[in-house]
Amino acid sequence: MFITFEGIDGSGKSTQIEKLRNRLEEKGAHVDVYRDPGGPVVSEQIRQILLNPDFEIDPVTELLLFSAARSQLMAENVLPGLKEDKVVILDRFFDSTTAYQGYGRESISLQEIHKLNAIASHKRQPDLTIYMKLSLTDAKKRMAKTKDRMELAGDVFFEKVIKGYNELAAREDRFFTVDATESVSKVHDQIWQHINRKYSS
Ligand code: TMP
């Protein structure tokens with residue numbers, strides 16, 4: 001099973017991923033968790049470049065670097081894990097590219113991003129995408145004081161990213177949207193119930 005988590009910074013993805021991992025492991029599942037961009041050494045190094053606030057990166061270069069990091073993560077970790085019947089959970093995936101580089105940066109057309117996402121993911125779609133929905137106002141209350149290069153992008157950018165996520169979530173059946181302002185345990189219960197409904201039949 002391939003599960004991805006999406007949402008803007010501060011939406012609580014990491015906390016929910018850890019809770020889900022623990023719950024699945026209690027049930028006997030083998031679970032691997034990775035962050036995108038990240039995972040293999042190559043992808044972690046690309047991540048350092050992407051998030052470094054000292055670098056000015058052209059929007060198309062940024063798009064290709066996120067895609068390159070993802071391709072390596074798929075090849076080295078995600079695809080082998082899925083082949084071994086593990087549950088693979090990713091903190092972000094290609095929907096982040098659609099939201100941030102597509103809607104946010106408007107780097108290239110959404111159709112072109114869609115094609116690039118298919119290439120970088122080695123044509124593997126998530127079975128389920130959990131979208132932790134949060135307004136920019138609420139996200140700002142939770143954002144870290146030290147900002148990485150992406151977090152420095154400004155309000156107009158983040159409003160476009162949120163619009164992108166909302167449109168994707170409305171369009172794609174694999175999305176399950178939760179209200180990220182709810183308590184940690186309530187959000188976790190909703191996610192767990194959804195997974196059980198989806199996979200118990
Ligand atoms: P995070 O792993 O701490 O969430 O940081 C990754 C940052 O990179 C975050 O601001 C979202 C951004 N990002 C993109 O802009 N495009 C992408 O494709 C991905 C995966 C992340």
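Refer to the structure printed above.
For every chain, the first residue of the written sequence is number 1, and numbering continues from 1 onward in sequence order. Local features in a predicted model are, by the rule used here, given only for residues with pLDDT of at least 70; side-chain atom pairs are given and counted only at 80 or more, and totals for whole chains, interfaces and linings are based on all residues. Processing note: side-chain calculations cover all non-hydrogen atoms of the structure and skip hydrogens and water entirely.

K.L.:
What am I meant to see in the site of the ligand here?
P.N.:
Surveying the vicinity of the ligand reveals 13 residues, the closest of which are R47, R70, R92, T97 and Q101. Between N or O atoms, a polar contact is any pair within 3.5 Å; within protein, one atom must be a potential hydrogen donor and the other a potential acceptor, and residues adjacent in sequence are included only when both atoms are from side chains. Within the side chain of R92, a nitrogen or oxygen atom sits 2.7 Å from an oxygen atom of the ligand. For the ligand, an oxygen atom lies 2.6 Å from a polar atom in the side chain of T97. Here the open area of atoms and residues is found with the Shrake-Rupley method and a 1.4 Å probe, where only the protein chains shown may cover a residue. Here the ligand, which alone exposes 480 Å², has 92% of that area covered by the protein. By the criteria applied, helices consist of DSSP H or I runs no shorter than four residues and strands consist of E runs no shorter than two, each listed in order from the N terminus. Of the residues forming the shell around the ligand, the biggest block, four residues, is contributed by helix α4 (residues 94-104). Only a single heavy atom is needed: when it lies within 4 Å of a molecule or strand, its residue is near that molecule or strand.

K.L.:
Explanation requested: the packing of aromatic side chains in the structure shown.
P.N.:
Describing an aromatic ring pair means giving the distance of the ring centres and the angle of the ring planes. What counts as a ring pair is set by centres within 6.5 Å for rings of Phe, Tyr and Trp (its six-membered ring), and what kind of pair is set by the plane angle: stacked under 30 degrees, edge-to-face over 60, tilted for all other angles. In this structure the tally under the stated criterion is eight aromatic pairs. Seen from their ring centres, Y100 and Y165 are 6.3 Å apart, and the 80° between their planes marks the pair as edge-to-face. Taken together, the positions of Y100 in helix α4 and Y165 in helix α7 (residues 155-171) put the pair 65 residues apart, joining distant regions of the chain. For the pair formed by Y100 and Y165, the shared burial category is buried. Pairwise contacts between aromatic rings join Y100, Y131, F157, F158, Y165 and F175 into one cluster. In this scheme, Lys NZ or Arg CZ marks a charge over a ring once it lies within 6 Å of the ring centre and within 35 degrees of the ring normal. Stacked on the ring of F93, the Lys or Arg R70 has its end atom at 5.6 Å from the ring centre. Over the ring of F157 we find R105, and its NZ or CZ is 4.8 Å from the ring centre. For the exposure calls, accessible area comes from a 1.4 Å probe over protein chains only, and a residue counts as buried if that area is under 20% of its type's maximum, exposed if over 50%, partly exposed in between.

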